[in-house]
Amino acid sequence: MALRRTFRVTLALLPLLTTAACVSQTKAGNPAAATATDVTAPQPRTATYNCADGGRMTIENLGTSVRVLGSDGVSQDLPASPANQNSRFGEAHDAIVIDGRDALVMKGGKTPLTCTR
């Protein structure tokens, strides 16, 4: 008799336990979740990146395009490519792919460069 009651209680509580296991924790309760969220944070309006070659660049997010100001003072506007997304920008032989805090910069005829904000 006690075994039947235990079985029924277990069946009744199983959906509740499953739901509780699926609920995500807040940043304060899970530091690892905070780190993962910060990495995938959207591109801010203006961000400065430090590049692997020692240079710096500033990327201004204009929505459907970005304006890139290189450490040499040259400014270049790159449209979204394809037009319906917000992480890949480029035209002709130049492109930038933004992934969280990283940006991969590709210029025609040069080795791709990784930059981090």
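All residue numbers refer to position in the chain's written sequence, counted from 1. A pLDDT threshold of at least 70 governs which residues receive local features in this predicted model, and a stricter bar of 80 or more applies before side-chain atom pairs are shown or counted, although totals over entire chains, interfaces and linings include all residues. With hydrogens and water excluded, all non-hydrogen atoms of the structure serve as input to the side-chain values.

Caption draft 1: Quick peek at the pattern of salt bridges. Only one rule defines a salt bridge in this text: a Lys or Arg side-chain nitrogen within 4 Å of an Asp or Glu carboxyl oxygen. What the rule picks out here adds up to three salt bridges. Of the charged contacts in the structure, one is a salt bridge between Arg45 and Glu60, with a shortest N-O distance of 3.3 Å. In this pair, Arg45 sits in the loop between α2 (31–39) and β1 (46–51) while Glu60 sits in strand β2 (residues 56–61), placing the two residues 15 residues apart along the sequence. Between Glu60 and Arg67 there is a salt bridge, with the nearest N and O atoms lying 3.6 Å from each other. Salt bridges linked by common partners bring Arg45, Glu60, Arg67 and Asp77 together as one network. Here a strand is any run of E in DSSP of at least two residues, a helix any run of H or I of at least four, and the numbering for each starts at the N terminus.

Caption draft 2: Highlighting the side chain of Ser65. Residue position: Ser65 is located in strand β3 (residues 65–69). Given the relative accessible area of 16%, Ser65 is considered buried. For this analysis, residues touch if any pair of their heavy atoms sits within 4.5 Å. Once residues within four sequence positions are removed from consideration, Ser65 is found in contact with Glu60, Leu78, Pro79, Ala80 and Phe89. Note on classification: 1.4 Å probe, protein chains only; a residue is buried when its accessible area is under 20% of the maximum for its type, exposed when over 50%, partly exposed between these limits.

Caption draft 3: Looking closely at the pairing of strand β5 (residues 88–91). A strand pair is defined by DSSP finding two or more bridges across the two strands. Summarising the sheet, β5 and strand β6 (residues 94–99) pair through four bridges and their orientation is antiparallel. Residue Glu91 lies in a different strand from β6, and its bridge partner there is Asp94.

Caption draft 4: Layout of the sheet that holds strand β7 (residues 102–106). With antiparallel pairing, the eight strands of this open sheet are ordered in space as β4-β3-β2-β1-β8-β7-β6-β5. Every interior strand has two partners, whereas the edge strands, β4 (75–79) and β5, have only one. In this sheet, adjacent strand axes meet at a mean angle of 25 degrees when their direction is disregarded. As a rule, the C-alpha atoms of each element are fitted with a line to give its axis, helices using only the stretch in contact, and angles between N-to-C directions run from 0 to 180 degrees.

Caption draft 5: Quick look at the environment of Val97. Considering the arrangement of structural elements, one finds Val97 in strand β6. The spacing of Val97 and Ser81 is 16 residues in sequence and 9.7 Å in space, taken between C-alpha atoms. If we ignore the near neighbours within four places in the chain, the residues touching Val97 are Ser87, Arg88, Asp102, Ala103, Leu104 and Met106.

Caption draft 6: Structural view of the state of the cysteines. Disulfides are defined in this document as cysteine sulfur pairs within 2.5 Å. Scanning all chains against the criterion turns up one disulfide. With its sulfur 2.0 Å from that of its partner, Cys51 forms a disulfide with Cys115. Between Cys51 and Cys115, the S-S dihedral sits near 100 degrees, and the bridge is therefore right-handed. Residue Cys51 is found in strand β1, and its partner Cys115 is found in strand β8 (residues 113–116); the two are separated by 64 residues along the sequence. Residue Cys115 is classed as buried on the basis of its relative accessible area of 0%.

Caption draft 7: Summary view of the layout of surface pockets. Of the grid points, spaced at 1 Å and generated over the protein atoms alone, those admitting a 1.4 Å probe that cannot get out make up cavities, while open sets with protein on both sides within 12 Å along at least five of seven lines make up pockets; any residue with an atom within 4 Å of a point is treated as lining. Grid points are joined across faces, edges and corners, and a volume is the space filled by probe spheres set on the points. The volume enclosed by the largest pocket comes to roughly 480 Å³. What lines the largest pocket is a set of 22 residues, among which Gly70, Asp72, Val105, Lys107 and Leu113 lie closest to the centre. Those elements that place two or more of their residues in the lining of the largest pocket are β2, β4, β6, β7 and β8. Here the element with the most residues in the lining of the largest pocket is β6; it accounts for three residues.

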